[in-house]
Every structure is written in structure tokens, then in C-alpha cells.
Amino acid sequence: MLADLTAGAVEDADARAQDRPTAVVERAALAQTPALDALAALAPSERVKIIAEVKRASPSRGDLAAIPDPAHQAGLYETGGASAISVLTEGRRFKGSLADLEAVKAAVRLPVLRKDFIATEYQVLEARAAGADLVLLIVAALEQPVLERLHALILELGMTPLVETHALDEVHRAADVGARLVGVNARDLSTFELDRDLFGRLAAHLPADAVRIAESAVLTPADVAHYRAAGADVVLIGEALVTNDPVTTLHAFLEAGSSVAPTERSEST
């Protein structure tokens, strides 16, 4: 599944490049307003932080919400207390677009993440040209030299890479590229199975100086508290926010996540 999603995303980017060549996108990326400091926005604190996601659909759940106005949805997230906004820009299975990201970026003052299956420099340049402050890199989808190259380009453009892992060897690979923002996805993107306890098992191995993000398997306030207790600085939430009132739900999640103390940060990798 992950290989298919990545191949499809690259194919779609290659098609866009026929109409908008790399040189044009690069000029637009370099002309953009400087990216916001996502590391500062998501830095560990006494309270849990939330990345709220604009998400219409997924391969595992199908259609979730129409979201005719992603900018309005993101504005509700900002009102509800989110620290950053994630925008799914993959069009085939998640029904997102770069236009969604551009609309969200224009509407909020929070850092905005391009969440997609990024595997080429062109996609990174597109992200910056659209105003993204963060770009997702999925370790399982990338060979190490590609991960290193894309990680370096994201930093060079002033953005922050969110390096997503799902296994111990991937955590080590994230550490090897110097990732400062590391996610653990409870969903195996090869099988789409969920393991809510995966974050807790990997937390002690995450880089000591990295912001630790728990992703997926969040439907209730108790899920946020569970991740916070296991050491998460940030929780990324999509489905629960697009299928419920986002402001009320965010308030409940933030309260639950901030009512428990995280485990001590270890001096790991």
C-alpha cells in the first residue's frame, strides 16, 4: 500500500511538472514568505500540543468529511487551540490538493504541514511554493540517501522536516539524518493495521533532543492522554476532528492530554 501511494503521488507530481517545470516552482519557492518556526511552535512544554489535520478521506476509512472550505476548517482548529495544521495534499486516496494547503496557509497564523507521500525534490519545492512550513518524510517509503537528500533540501528552504517512523530501525535512520521532529505512526502504512502502544515502545529510543509526535489511533480524549503519558510532546489528529465539532473536540483533547504527566525523557540515541 505505501509503495503504491508513493508511486501514485510521484506520478501525479511528474504530471504537474509538465505544466509547471521545476525551474518555475523553484522560483516560486524562493520567493515565498519565510517559513514559520515549527520547532518552536511544537517544542515540549507542560501541556500537550496538537497538530490538527484537514483530512477528507483515507484508504482505511474511505470518505470522512466533505470539507468544502479547508480554510474555514483550519480556522476552527486555530480557534480550538491547535499548535499546527496538517493538510493532506494527496489526491487519489485522500482527496486533498496543494490548493487546500494554499487556502489554509492564507487563513491561519500557525505552521502548516504538507502531508503527502514525498519522494522527490520537485514535491519539496512545491510544498514551499504553496507556503508549507513543514514537510512530511516517511522513512519506510525512502531509501536512506533519498531521505538524507530531501531532509537537507527541506532545511535549506527554511522548512522543518517531520520524519515519520513505525519501527526501531526507522527511528535509528531518523536519528542518523539529524531529525529534530520525529513522529511515530501507530498505523502500519504497508498493512494499515493500528497499534496504539507502538509509540510507548519506541519513545525511549527517540532522539533525546527531538520533538516527539504520536500519530494515528486517536478517537477519544483518553487516546490523547495515553500518548501523553507515554511521552508524546505532540499528538497529530485527523479523523476525530473532521467527524466531530472541531473546537469542542480540540478543547477536550487538550484538557485530557494535559491532565497527565509525560514519562521522563531519556538520554537516548
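Heads up: the structure comes first, above all this text.
1. Here we look at unusual backbone geometry
Right, on to step 1. Positive phi outside glycine occurs at Ile 67, with the angle close to 45°.
Right, on to step 2. Secondary-structure assignment places Ile 67 in the loop between strand E3 (62-63) and helix H4 (70-80).
Right, on to step 3. Of note, the phi angle at Ser 216 is positive, near 75°, even though the residue is not glycine.
Right, on to step 4. Relative to the assigned elements, Ser 216 resides in the loop between strand E9 (211-215) and helix H10 (221-229).

2. Notes on the packing of H10 against helix H12 (residues 246-257)
Right, on to step 1. It is at 8 Å that the axes of H10 and H12 come closest, and there the two elements cross at 35°. Where H10 crosses over H12, the two elements pack in a sense that is right-handed. Contacts between H10 and H12 involve Pro 221, Val 224, Ala 225 and Arg 228 from the former and Ala 252, Phe 253, Ala 256 and Gly 257 from the latter.

3. A look at the sheet that holds E9
Right, on to step 1. Around the barrel, which closes on itself, the eight strands sit in the order E1-E4-E5-E6-E7-E8-E9-E10 with parallel pairing between neighbours. When the angles between neighbouring strand axes are averaged without regard to direction, this sheet yields 25°.
Right, on to step 2. Bridge count between strand E6 (residues 134-138) and strand E7 (residues 160-165): five bridges; the pairing is parallel. Counted as the bridge partner of Leu 137 is Val 163 from E7.

4. Here we look at the nonpolar core
Right, on to step 1. Judged by nonpolar contacts, the single largest core of 71 residues is most densely connected at Tyr 77, Ile 85, Phe 199, Tyr 227 and Ile 237.
Right, on to step 2. For Ile 85, the residues in contact, after removing those within four places along its chain, are Ile 51, Ala 52, Val 54, Ala 74, Tyr 77, Val 104, Val 108, Leu 110, Pro 111, Val 112 and Leu 113.
Right, on to step 3. Counting residues in hydrophobic clusters, the runner-up holds 22 residues, among them Ala 9, Phe 94, Leu 134 and Val 211.

5. A few points about the packing of aromatic side chains
Right, on to step 1. Following the criterion strictly, the structure yields two aromatic pairs and no others.
Right, on to step 2. A centroid spacing of 5.9 Å and a plane angle of 40° characterise the contact between Phe 94 and Phe 117, whose relative ring orientation is tilted. Here the residue Phe 94 occupies a position in the loop between strand E4 (84-88) and helix H5 (98-107), and Phe 117 occupies one in the loop between strand E5 (112-115) and helix H6 (121-129), the gap between them amounting to 23 residues. Take Phe 94 and Phe 117: they sit in the same class, and that class is buried.
Right, on to step 3. Ring geometry for Phe 199 against Tyr 227: centres 6.0 Å apart, planes inclined by 75°, an arrangement best described as edge-to-face. Separated by 28 residues along the polypeptide, Phe 199 in helix H9 (residues 198-202) and Tyr 227 in helix H10 bring together distant segments of the chain.
Right, on to step 4. Judged by relative accessible area, which is 1%, Phe 199 ranks as buried.

6. A look at the environment of Asp 188
Right, on to step 1. Looking at the secondary structure, you find Asp 188 in the loop between strand E8 (181-185) and H9.
Right, on to step 2. The exposure class assigned to Asp 188 is partly exposed, which follows from its relative accessible area of 23%.
Right, on to step 3. Placed 57 residues apart in sequence, Asp 188 and Asp 245 show a C-alpha to C-alpha distance of 28 Å.
Right, on to step 4. The contacts of Asp 188, once residues within four sequence positions are left out, are His 166 and Glu 193.

7. Digging into the pairing of E4
Right, on to step 1. Burial of E4 is extensive: five of the five residues sit out of reach of the surface.
Right, on to step 2. Here E4 shows no split at all, with Ala 84, Ser 86 and Leu 88 on one side and Ile 85 and Val 87 on the other all buried.
Right, on to step 3. Pairing of strand E1 (residues 49-54) with E4, which is carried by four bridges, proceeds in the parallel orientation. Bridging from a neighbouring strand, Glu 53 pairs with Ser 86 of E4.
Right, on to step 4. Relative to E5, E4 is paired through four bridges, and the arrangement is parallel. Considered in E5, the bridge of Ser 86 is made with Leu 113.

Procedures and definitions
Residues numbered from 1 in each chain as written. Predicted model: local features only at pLDDT ≥ 70, side-chain atom pairs only at ≥ 80, totals over all residues. Heavy atoms only, no water. Helix = DSSP H or I, 4+ residues; strand = E, 2+ residues; numbered from the N terminus. Axes fitted to C-alpha atoms, helices over the stretch in contact; angles between N-to-C directions. Left-handed = near helix turned anticlockwise from the far one by under 90°. Contact = heavy atoms within 4.5 Å. Pairing = 2+ DSSP bridges. Core = buried A, V, L, I, M, F, W, Y, C linked by side-chain atoms within 4.5 Å. Buried < 20%, exposed > 50% of the residue type's maximum accessible area, 1.4 Å probe, protein only. Phe/Tyr/Trp six-rings, centres within 6.5 Å; stacked < 30°, edge-to-face > 60°.

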